Amino acid sequence: MSLAVRSLPALALTVALVGAAPEDRDWERRFRDIPSQDSLRSYMRRLAARPHHLGSARGRENAGWIHDRFAAWGWDARIETFDVLFPTPRERVVELVAPRPFRARLDEPVVPGDPTTAQKAEQLPGYHAYSIDGDVTAPLVYVNYGLPADYERLERLGVSVKGAIVIARYGQSWRGIKPKVAAEHCAVGAIIYSDPQDDGYFTGDVYPGGPMRPGGGVQRGSVADMPYHPGDPLTPGRGATSGAERLELKDAKTLTRIPVLPISYADAEPLLRALAGPVAPAEWRGALPLTYHLGPGPARVHLRVRFDWKLRTVHNVVARIPGAQAPDEWVVRGNHHDAWVNGATDPVSGMVAVLEEARAMGELLKQGWRPRRTIVYAAWDGEEQGLLGSTEWVEAHADELAEKAVAYLNTDSNNRGFLEMGGSHSLEALINGVAEEIEDPETGLSVGTRARLRAIARATADERKEIRARSGFRIDPLGSGSDYTPFLQHLGIASLNLGFGGEGSGSSGVYHSIYDDYRWFSRFGDTSFAYGRALARTAGTAVMRLADAEVLPHRFGPLHGAVAKYAGEVKQLLAERQEAAREHNRQIDEGVFTATRDPWRPEAEPPREEVPPPLDFAPLDSALLLLGGSAAGYDSLMDRWTDERMAARPAAPAAFRELNARLIAVERALARNEGLPGRPWYRHQIYAPGLYTGYGVKTLPGVREAIEQRRWDEAQAQIARLADVLGAAARAIDEAATALRRLEA
């Protein structure tokens, strides 16, 4: 451990000084001295005091309060509104009608001593936004987490969900995937519950004695098909302004096909206890005190949900500090302000950091600081329902953002622990440099070093060797689930998503429930707000570095390294599928399945599998060689341009504008206007949410998902498209290198 602590910071120094002149670094140091834990605490008390979901009176008040804070701190602030579809429940019923009656409570109990939980008149009840209306009675079937692999297992066990209501537990994927897959298997309804094994008493003491989900806790959430497109279901691809053309409700493609409702594990227990049929596989069994059966029957359930399908107004707060030298280059920073209920952790723990960054920058303005580029800060509304506020803003301002946006920096929830960094790999060097300059509040190490030490502790031997050898921490690719999505994956704007976590008590235990409030956070989360301050210092420094650097601090070696890694993964995926199919067929030929069948768990002998054909990866390999050469060429040129040399060889502003425009164009080149197969809204060809992961990322998604779904002609076509995209990115990097060489002339 001591050797790692001594060596890791030295490795990271190669990226620590990217993109900031000495005077800029002085302003950064002044900035980092300003954020206050007391300020963060006071903001949370105000913002999380009452429920503030989209369309609520308190939500509008919070937006106005945030606007007034920005204005008081010297920002040019405004509130931008959009009208979006947001259904709220009129009727919710879950009842067991056989073999004995039981009606689910569907209400979260008030916690004595926590008055916030008693604000019933203002709370949205537990439900799933964008479930269709429905009234169904059918046999119940338990489907584990409700993932595609779970249905494959059910089929082998001879259990069908056709005409049934499924009950799935939360976890392992985004909630919206569960009713989607159930409908594809001809279920007529879905219920999702929180099993105590995942976030209840099995993992720790429940609230209020501990941080985990109590028996009556319910996870609300959206089940819109966001992997198809996020944002307003009625205005895909265009801003939901007052005069926007809207689809008819029947034509909206992101609504569920079957009714779905969330329930607590207290309400789920009688339903699961009433099931018979095969005993669930061992890994499917949760922590409720019962034998987990699959069904169907004898349990029959009545599920009824009806909604008020109205448009509601999104209130985005957007504030600016105009750039002094390059006002038409924008650095955008955001976090959402809406919550399902009080939302102390999600999203207020991230929103308070944004506010403290804005206050600190306001103090710098009083001292004479002026950023080179325009800084745009946003507090988004309607994120919880499907990234509504950010998506509609991006779609409404798409042309302007495509021309001006340098980067987008996102946060959402925050807690105590390790800096978690995801995003565009062209910004990897930037955020590694920043992370080496921020002190971890508990260890005294840099937050970057601490993150790398955790990665080493969790890694395999080969992975440890790779982490130690790199000059920076490899950031994670981004899927979806927060407001970076429209910036990165629709417009190709280089993006980062930042937050601390991993050591605070599990916020998943109160996620999207009435218990996620100030009292919970101040007892079990970032109790001193030290990591809120660390987040403000980290994200604010990154914003200032992007806004003030004369040449944008993009580096492309990490981009090439990441894409090469992903290319190796898709090749390995194909090889594994080929070998698995051959082995499967061999076992059928040798009678292995028949000989090993368990008479107590009779599974049908599976059919023979098609062996995937070979795919020609040569175009991708050639494009990777081009990208690697271009990336190495630009990065080596930029390594020679120290801040002192830049100051000694001044160039005309137009020369810097040209160079920065070329750098911005690289991420844009990774997005294609026609988008991904079957979901054109998602244009980025390197990162996308998976069709059946929801939030989870699929890298090289066109190729990877075609292989996973056994669409071989499409996979070959996507390899060719990806090669074209990487070639375009290589050319954009070469153009940036040419522009940089002109500065030497």
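Here we summarise the structure given alongside this text. (Residues numbered from 1 in each chain as written. Predicted model: local features only at pLDDT ≥ 70, side-chain atom pairs only at ≥ 80, totals over all residues. Heavy atoms only, no water.)

## Looking at the overall build of the protein chain
Each helix and strand in the protein chain was counted, giving 24 helices and 18 strands. Radius of gyration (C-alpha) of the protein chain: 26 Å, near the 27 Å computed for a compact globule of 745 residues. Taken along the three principal axes of its C-alpha coordinates, the protein chain extends 85 × 65 × 60 Å. For the protein chain, the proportion of its 745 residues judged to be buried stands at 61%. Sequence-distant contacts, at least 24 apart, represent 80% of the contacts inside the protein chain between residues at least 6 apart. Across the protein chain, the 89 positively charged side chains and the 98 negatively charged ones have centroids separated by 1 Å. (Helix = DSSP H or I, 4+ residues; strand = E, 2+ residues; numbered from the N terminus. Rg over C-alpha atoms; globule rule 2.2 N^0.38 Å. Buried < 20%, exposed > 50% of the residue type's maximum accessible area, 1.4 Å probe, protein only. Contact = heavy atoms within 4.5 Å. Lys, Arg positive; Asp, Glu negative; His and termini not counted. Charge placed at Lys NZ, Arg CZ, Asp CG, Glu CD.)

## Focus: the sheet that holds strand β13 (residues 373-380)
Read across the open sheet, the 7 strands follow the order β1-β11-β13-β12-β14-β16-β15; overall the sheet is mixed. Only two strands of the sheet have a single partner each, and these edge strands are β1 (76-85) and β15 (417-423). Looking at each pair of strands side by side, their axes are set apart by 20° on average, direction ignored. Bridge analysis of β15 against strand β16 (residues 495-502) gives 7 bridges, and the strand direction is antiparallel. Opposite G422, over in β16, you have N497 as the bridge partner. Lying over the sheet, helix α10 (residues 388-396) contacts β1, β11 (311-321) and β13, oriented at roughly 105° with respect to β1. Against the sheet, helix α22 (residues 653-669) contacts β12 (326-336), β13 and β14 (405-411), and its axis sits at roughly 55° relative to β14. (Pairing = 2+ DSSP bridges. Axes fitted to C-alpha atoms, helices over the stretch in contact; angles between N-to-C directions.)

## Thoughts on the environment of T738
With respect to the helices and strands, the residue T738 is situated in helix α24 (residues 712-744). Residue classification places T738 among the partly exposed positions, given a relative accessible area of 35%. A C-alpha to C-alpha distance of 9.5 Å links T738 and R662, two positions 76 residues apart in sequence.

## Concerning the side chain of H512
With respect to the helices, strands and loops of the structure, H512 is situated in the loop between β16 and α16 (518-524). Only 3.2 Å separates the side chain of H512 from the side chain of D346, close enough to count as a polar contact. With near-sequence residues (within four places) excluded, H512 lies in contact with R175, V218, Q219, R220, G221, W340, D346 and E384. (Polar contact = N/O pair within 3.5 Å; in protein donor to acceptor, adjacent residues only side chain to side chain.)

## Some details on the layout of surface pockets
Of the pockets and cavities examined, the largest pocket occupies roughly 1400 Å³. Around the largest pocket, the lining comprises 49 residues; the ones closest to its centre are S413, E420, G481, Y511 and Y695. Classifying every residue of the lining of the largest pocket gives 13 nonpolar, 25 polar and 11 charged. (1 Å grid on protein atoms, 1.4 Å probe; cavity = no way out; pocket = protein on both sides within 12 Å on 5 of 7 lines; lining within 4 Å. Points joined across faces, edges and corners; volume = space filled by probe spheres on them. Nonpolar A, V, L, I, M, F, W, Y, C, P; charged D, E, K, R; others polar.)

## A look at empty space enclosed by the protein
The rolling of a water-molecule-sized probe over the atoms marks out the regions of remaining empty space. Under the defined criterion, the tally for this structure stands at 4 cavities of 30 Å³ or more. In this structure, the largest cavity spans a volume of roughly 60 Å³. Surrounding the largest cavity, L676, P677, R679, L691, P701, G702, E705, A706, R711 and E714 form its lining. Looking at the lining of the largest cavity, the element that brings in the most residues is helix α23 (residues 701-708), giving 4 residues. Across the lining of the largest cavity, the residue classes break down as 5 nonpolar, 1 polar and 4 charged.

## A closer look at the side chain of S426
Inspection of the secondary structure puts S426 in the loop between β15 and α12 (428-435). Engagement of the side chain of S426 in a polar contact is seen with the side chain of E667, the distance being 3.2 Å. Discounting residues that sit within four places of it in the chain, S426 has contacts with A494, P553, H554, R555, F556, L559 and E667.

## Notes on the packing of aromatic side chains
In this structure the tally under the stated criterion is 24 aromatic pairs. Relative to Y531, the ring of F500 has its centre 5.4 Å away and its plane inclined at 55°; by these criteria the two rings are tilted. Taken as a pair, F500 in strand β16 and Y531 in helix α17 (residues 530-548) lie far apart in primary sequence, 31 residues in all. There is no split in this pair, since F500 and Y531 are both buried. Note on F556 and Y634: the rings are 5.5 Å apart at their centroids and 65° apart in plane angle, and the pair reads as edge-to-face. Of the two residues, F556 is situated in the loop between α17 and α18 (557-589) and Y634 in helix α20 (residues 618-640); the sequence distance between them amounts to 78 residues. You'll find F556 and Y634 in the same group, each marked buried. Connected via pairs of aromatic rings, a cluster forms that spans Y43, W65, F70, W73, W75 and Y377. (Phe/Tyr/Trp six-rings, centres within 6.5 Å; stacked < 30°, edge-to-face > 60°.)

## Points about the sheet that holds strand β9 (residues 260-263)
Strand order in the open sheet formed by 7 strands is β3-β2-β10-β5-β6-β7-β9, and the pairing between neighbours is mixed. Bordering the open sheet on either side are β3 (102-103) and β9, each of which pairs with just one other strand. Pairing geometry for strand β5 (residues 134-142) and strand β6 (residues 165-169), over 3 bridges, is parallel. Counted as the bridge partner of Y142 is I167 from β6.

## Some thoughts on the nonpolar core
Counting residues in each nonpolar core, the largest one holds 219 residues, and the members touching the most others are F70 and Y634. Looking at which element gives the most residues to this core, the answer is α24, with 16 residues. Excluding residues that lie within four positions of it along the chain, Y634 makes contacts with V551, H554, F556, L659, L663, I733, A736, A737 and L740. (Core = buried A, V, L, I, M, F, W, Y, C linked by side-chain atoms within 4.5 Å.)

## Brief notes about the environment of F82
One can find F82 in strand β1. Once residues within four sequence positions are removed from consideration, F82 is found in contact with A240, T241, R312, T313, V314, N316, E392, W393 and A396.

## Topic: the packing of α12 against α17
Any two packed helices are characterised by how steeply their axes cross, that is the angle between the axes, and by the distance between the axes. Running from amino to carboxyl end, α12 crosses α17 at an angle of 130°, the nearest separation of the two axes being 10 Å. In terms of axis orientation, α12 runs oblique to α17. Pair α12 / α17 crosses with right-handed handedness. Across the interface between the two elements, L430, I431, G433 and V434 of α12 pack against T538, T541, A542, R545 and L546 of α17. Here the residues of the contact of α12 with α17 are counted per class, giving 5 nonpolar, 3 polar and 1 charged. (Parallel < 35°, antiparallel > 145°, perpendicular 65-115°, else oblique. Left-handed = near helix turned anticlockwise from the far one by under 90°.)

## Brief notes about α17
Taking 1.5 Å of rise per residue, 19 residues should cover 27 Å, and α17 covers 27 Å from first to last C-alpha, within 8% of that figure. Of all 19 residues in α17, 18 are buried; the element is thus mostly enclosed. (Expected span 1.5 Å × (residues − 1).)

## Notes on the pattern of salt bridges
Applying the stated criterion across every chain, the model contains 55 salt bridges. Note that E122 is salt-bridged to R50, the shortest N-O span being 2.4 Å. Here the residue E122 occupies a position in the loop between β3 and β4 (128-129), and R50 occupies one in the loop between α3 (37-47) and α4 (57-72), the gap between them amounting to 72 residues. Judged by its relative accessible area of 28%, E122 is partly exposed. We classify R50 as partly exposed; its relative accessible area is 31%. Linking E658 and R662 is a salt bridge whose minimum nitrogen-to-oxygen distance equals 3.9 Å. In this pair, E658 and R662 are both assigned in helix α22, 4 residues apart and thus about one turn of the helix distant. A network of salt bridges, in which partner residues are shared, links R25, E28, R32, E437 and R545. (Salt bridge = Lys/Arg side-chain N within 4 Å of Asp/Glu carboxyl O.)

## Quick look at unusual backbone geometry
The residue after A98, namely P99, is reached through a cis peptide bond having omega 5°. Turning to its location among the elements, P99 is positioned in the loop between β2 (88-98) and β3. In this chain, G297 is followed by P298 through a cis amide linkage whose omega measures -5°. Of note, P298 is situated in the loop between α8 (265-273) and β10 (300-308). Although it is not a glycine, Y130 sits at a positive phi angle of roughly 80°. Inspection of the secondary structure puts Y130 in the loop between β4 and β5. Using a relative accessible area of 1% as the deciding quantity, one classes Y130 as buried.

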